[in-house]
Amino acid sequence: MLYLCATPIGNLGDISERVLATLREVDVIAAEDTRQTIKLLNHFDIKKQMIAYHEHNRYEMTPVLVERMLAGEDIALVTDAGTPAISDPGEDLVRACREAGVAVTSLPGATAFTTALTLSGMNARRFTFEGFLPQDKKAQRAVLERLRDTTVTTIFYEAPHRLVKTLEVLAEATGEDAGVRRAVTVCKELTKKHEWSMQFDSLGEAAAYFRDIEEPRGEFVLVIEGLDPEELAEQEKRAWQEMTIEEHMDVYLTQGIDKKEAMRLVAKDRGVSKRDIYQELLK
């Protein structure tokens, strides 16, 4: 069996008794960084064989670990901190185990993004976890396009040396230059001695704080509020109204929509009656 073992994101007291028992009982521990994991094991006096399993060797090591489990071994997968497969190695191994018929179980525990979300006080009924903002331009653009119009809370991880740049990119992408402001809660060093969090009225304000006042240190989580649905609808309405009726009609007509249905859609977009659109077109 493969055991996905969540480890503390800072405070060692957050580890579960079930995880400790599992780490003592498995045949081998697959660790993202054996140098980090040995500190955890030594703290709890656990003596166990470890093998490195990380981003740079996962393609090579995944079949090796699967073969060992098929041969009867139990393996625990741990990352440096938090839950395996959440912005950390793991999903490839889980997928390979499923395909090979190896049983998988997950031992829940600490995860930085849920800790930050609950600290933020923002809407937690619906949220999106994006992990780290991609550095690849195409992938980054896709994430930013989703963020621009979203009405749900969005969560990012970020490293200290990229924090200011990321906040600036997010501010630009969400339209702060056009007056759209998104509150953001910035958290760092969660559950550790120097845990810190602060809510800013805008992403630009947060960027200025870490650019001019406090040098970023530690690992960060950004919790960004979604747009108010009514405000978003009003923004869309204003955007449509900047077009002429003819230009607005062409948006739908060029999609192959017939004129009658296009008038209905235009009327809906602009918050007026279909008859109003018809009268405007007659003019």
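Below is a summary of the structure that appears in this document.

The rules behind the values
Residues numbered from 1 in each chain as written. Predicted model: local features only at pLDDT ≥ 70, side-chain atom pairs only at ≥ 80, totals over all residues. Heavy atoms only, no water. Phe/Tyr/Trp six-rings, centres within 6.5 Å; stacked < 30°, edge-to-face > 60°. Buried < 20%, exposed > 50% of the residue type's maximum accessible area, 1.4 Å probe, protein only. Helix = DSSP H or I, 4+ residues; strand = E, 2+ residues; numbered from the N terminus. Salt bridge = Lys/Arg side-chain N within 4 Å of Asp/Glu carboxyl O. Pairing = 2+ DSSP bridges. Axes fitted to C-alpha atoms, helices over the stretch in contact; angles between N-to-C directions. Contact = heavy atoms within 4.5 Å.

## Re the packing of aromatic side chains
Counted by the stated rule, this structure contains 10 aromatic pairs. Judged by centre distance (5.0 Å) and plane angle (85°), the ring pair of Tyr 209 and Phe 210 falls under edge-to-face. Across the pair, Phe 210 and Tyr 209 agree in class, each one buried. Taking the centre distance of 5.5 Å and the plane angle of 80° together, the rings of Phe 210 and Phe 220 count as edge-to-face. In this pair, Phe 210 is assigned in helix H8 (residues 203-212) and Phe 220 in strand E10 (residues 220-224), connecting sequence segments 10 residues apart. Accessibility expressed as a relative area gives 2% for Phe 220, which makes it buried. A connected cluster of aromatic rings, assembled from ring pairs, spans Phe 113, Phe 127, Phe 129, Phe 132 and Tyr 157.

## Regarding the pattern of salt bridges
Opposite charge on two side chains permits pairing when their charged atoms draw close. Per the stated rule, a full pass over the model turns up 14 salt bridges. Taking the shortest distance from any N to any O, the salt bridge between Arg 58 and Glu 55 comes out at 2.9 Å. The shortest N-O distance in the salt bridge between Lys 192 and Glu 189 comes to 3.8 Å. Each of the salt bridges in this network shares a partner with another, and the network as a whole consists of Glu 55, Arg 58, Glu 91, Asp 92 and Arg 95.

## Some words on the environment of Thr 151
Here Thr 151 is to be found in the loop between helix H6 (137-148) and strand E7 (153-158). When its relative accessible area of 33% is taken as the criterion, Thr 151 is described as partly exposed. Note: C-alpha distance between Thr 151 and Asp 228 (77 residues apart in sequence) is 6.0 Å.

## Quick word on the sheet that holds strand E8 (residues 184-188)
Taken together, the 5 strands give an open sheet; going across it, the order is E6-E7-E10-E8-E9, and neighbouring strands pair in mixed fashion. Taken across any chain shown, the strands that pair with only one partner, and hence form the sheet edges, are strand E6 (127-132) and strand E9 (196-200). Going from strand to strand, the sheet's axes swing by 15° on average, the running direction of each strand aside. For E8 and E10, the ladder comprises 5 bridges, and the chain directions are antiparallel. Counted as the bridge partner of Val 186 is Leu 222 from E10. Its contacts with the sheet place helix H5 (residues 112-120) against E6, E7, E8, E9 and E10, and it is angled at close to 50° to E10.

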